[in-house]
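Chain residues, written in single-letter form:
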Amino acid sequence: MLKFSSNTFKHGVHPPEHKEDTNKLPVRQFPFPPLIVLPMQQHIGKPAQVIVREGQEVARGQMLAKADGYLSVPMHAPVSGIVRKIANVPVIGGQKASGIYLETFPFSGQEVVEGAPVPLSASPEAILQGIQDAGIVGLGGAAFPTHVKLKIPEGKFCEHLIINGIECEPYLTTDHRVMLEQADDIFTGIRYLLRVTDAKQVIIGIEANKKDAADHLADRIPDDLPVKVKVVPVKYPQGAEKMLITALLGKEVPSGGFPIDVHAVAVNVATTAEIGRLLPHGRGIQERVVTITGPGIKKKGNYLIPIGTPLRFVLEHVGAAENLSEVYMGGPMMGVSASDLDLSIVKGTSGIVVFGDENVKRSDKIYPCIKCGACVDACPISLNPSRLGILAKSEAYDTMAEEYHLMDCFECGSCSYVCPSNIPLVQYFRVAKGIVRKRKSAVAHV
Amino acid sequence: MFSKTLRISSSPHINKGVGVDVIMRNVVYALLPVAAFAVYAFGINALLVILTSLIACVLTEHLLNKFSNRPSTIADGSAVITGLLLGLTLPPIFPLWMTFIGGVLAIALGKFVFGGLGYNAFNPALVGRAILQAAFPVAITTWHPAFLADRFTRVSESVLTFPFAKPVVDGISGATPLSAFKFDQVTTESADLALGLVSGSIGETSSVLIALGGLYLIARKMMNWRIPVAILGSVYVLSGILYWINPEIYPSPEFMLFSGGLMLGAVFMATDMVGSPITSLGVVIYGIFIGLLVVVIRIWGGLPEGVMYAILLGNALSPHIDRLIRPRVYGT
Ligand code: SF4
Ligand code: SF4
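Residues numbered from 1 in each chain as written. Chains lettered and ligands numbered in written order. Predicted model: local features only at pLDDT ≥ 70, side-chain atom pairs only at ≥ 80, totals over all residues. Heavy atoms only, no water.

By the naming in an unreviewed UniProt entry, chain B goes by Ion-translocating oxidoreductase complex subunit D and is assigned to Methylotuvimicrobium buryatense. For chain B, the Subcellular location (unreviewed entry) comment in UniProt is given as "Cell inner membrane". Under the UniProt heading Cofactor (unreviewed entry), the entry covering chain B gives this text: "FMN". (UniProt positions renumbered as here; feature names shortened; annotations may be inferred.)

The name given to chain A in an unreviewed UniProt entry is Ion-translocating oxidoreductase complex subunit C, with Methylotuvimicrobium buryatense as the source organism.

Below, the structure is given as structure tokens:
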């Protein structure tokens, strides 16, 4: 069933979409790089623990590192090759962290080794275990371990399973292509998700700029599944879990709470497709769909890229402009600037957006806040970013948290996007949140 | 390949591209027709007053920044707006030296002492105007008829008065519609008022051009439409009720809307972002507050015109409105 809805969340912004460059381009397999650089922490939680040794030959799909406890996921070999080095690798933010350098066998057929399949008939616990064993994390960018998210806490129940196909970040078309090309995987994934959540109904939320994907999925809903496809108006940040729940269910997730508090669980559509694709074969994640785009890219497109492929290899292959200036991992609203091209594609990389010198936003001049109110009218959770910004400048972090709900800010960037004074509000809030968290834990340890 | 180091920036990596300077520039565009019509109506005297005010504001802004070793802020355009607005609130034959002082004080006391753009509690042009009103009560209420035949050739002696000399009261001075009503119970045709065919301060005259300027800014999303709508709406409703109670002693609501500085104030001064509240509900309250004050001051106060004080009081109230009116945060 396909339904159109005009419901949405409050406020939000409409950045230019720029999706037309890649949304018609089918996903293509990316070549294997000669060297894979695989950080052990590509997810929220503890880094995976390496279980191979230097010099060992590994097959594509083989587990290279195991999960370190519950809030962690394992890592699988993206290619068949030889473990060259177990050492620190560059990660986002300019730091280094534990990882594996894996040299690809040049002439290997790159068949994938499979593990024990997790059938649909398995128990919910076994399926959750299967999801963890497959190394699955939120592929929308958050990279939170999916099995943790799917675990319904004691005393709570899930009524609505929400499949997030919103993809509200400008430029990105990853989820769009997955919906058009992997309908079967998505519905298989939904079957697994229904087993573990016991939800009564499933809503696939899609924005109106992907109507083709909505039609495509709506036409293929299996008769025995309680699935609705709902098309909602285009607005950023509708892909944020809480905003999507409000748009689809008309309910607000309580401050500091989780979707399950309103009896909902939300899963990204590409993550759902991965569950449906991997679990029946007992495989782990070894590649993902990435949109490579932006004004600085010659061969824009959606590519299936092995995890751990270095950015330099990616950009050489798609032809980036020589004057490239900034490279974002993720979309331009919430993505992170890559500090250099030695970073590699990780599980949470939904897109690589490349801007040349002339595309970079003019941030040269920062004016004082003129209290225009644009940020107030943009904030999806009705904070007062203007006030928060002024408080941040005077380092009144406690006031920010206690009186102005700083900790509810999820750094969507809508406020900075509209600010005529170019004030780096989100940057302030990120720093302020970090300090407040530190103070809290310091108090907790006294 | 790609040896160049990458630039790093914090997200979001794109912005809407409508900067403060762009907004200010558009406000100037919206004000230019108003100023042009004023010059057409009042001639060379009005032009001199507007230019003097403009020069005084921009120069003061520049020099104050220079002496306090701050980067120049002229380019943001806010001093130009203050200069234009101040000029437009003055009588067409206001002495230039007084105008100049008004411009200097508008920037120095209305803006700079608060910390510059964004920190000023009050609309700087109105601060300048209020000081002038207190210092030169006679000159600032000396009006002048519009559309005099020799307005493009004759510079009024009053305009050229030597600083601190006794102001020359120009031979020909005309009552404004508001003072005519207030003190002589004469009402002027609303249509004449709306089109600007009457006497008044330089920029008060053409409500139509002011409204068009406002519509332009609203269409470009550079002005909060709720402010003029709330002010004009509350003036219309309250004066309508009074007129309905007793049309003999109270002016018609149309007269109230189109006379005096109400249009200019509601569209271009009360909407100054810095001095108005930040939330949608807040600006509506602010607008209604100003509108009611305008009616009260005009009808019961000792002054024919209350817009300036009403807006200044609104400016003073707006931080308190912001403290009280806080939208409910999502999920709380
Ligand atoms: S958008 Fe920027 S200038 Fe406008 S109120 Fe917010 S912080 Fe201030
Ligand atoms: S970044 Fe935070 S404060 Fe800014 S709009 Fe998003 S949620 Fe609101």
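(A) Quick look at the pairing of strand β13 (residues 264-268) of chain A. Residue and element names in this part refer to chain A. Extensive coverage of β13 is indicated by the burial of five of its five residues. Of the two faces of β13, the one carrying Ala264, Ala266 and Asn268 and the one carrying Val265 and Val267 are both buried. Sheet topology places strand β10 (residues 160-165) next to β13; five bridges connect them, and they run parallel. Across the sheet, residue Ile162 finds its bridge partner in β13, namely Ala266. (Buried < 20%, exposed > 50% of the residue type's maximum accessible area, 1.4 Å probe, protein only. Helix = DSSP H or I, 4+ residues; strand = E, 2+ residues; numbered from the N terminus. Pairing = 2+ DSSP bridges.)

(B) Here's a closer look at the domain arrangement of chain B. Residues and elements named next belong to chain B. In terms of domains, chain B is made up of domain 1 (19-174) and domain 2 (177-322). Tallying the contact residues gives 41 residues for domain 1 and 32 residues for domain 2. Carbon and sulfur atoms supply 75% of the area that domain 1 and domain 2 bury against each other, a total of about 2,800 Å² over both sides. Where domain 1 meets domain 2, there are zero salt bridges. Applying the counting criterion to the domain 1 and domain 2 interface returns four residue pairs in polar contact (both at pLDDT 80 or more). (Domains from an automatic or database assignment. Contact = heavy atoms within 4.5 Å. Buried area = accessible area lost by both parts, 1.4 Å probe. Salt bridge = Lys/Arg side-chain N within 4 Å of Asp/Glu carboxyl O. Polar contact = N/O pair within 3.5 Å; in protein donor to acceptor, adjacent residues only side chain to side chain.)

(C) Highlighting the pattern of salt bridges. As enumerated under the stated definition, the model contains 19 salt bridges over all chains in all. Salt-bridge contacts for Asp398 of chain A lead to Arg439 of chain A; the nearest nitrogen and oxygen are separated by 3.2 Å. Taken together, the residues span a long stretch of sequence, with Asp398 of chain A in helix α11 (residues 397-404) and Arg439 of chain A in helix α13 (residues 425-445) at a distance of 41 residues. Given the relative accessible area of 36%, Asp398 of chain A is considered partly exposed. Of the residues examined, Arg439 of chain A reaches a relative accessible area of 36% and is grouped as partly exposed. Its salt-bridge partner being Lys111 of chain B, residue Glu61 of chain B comes within 3.1 Å of it at the nearest N-O pair. Here Lys111 of chain B lies in the loop between α4 (96-110) and α5 (124-135) and Glu61 of chain B lies in helix α2 (residues 44-67), a separation of 50 residues in the sequence.

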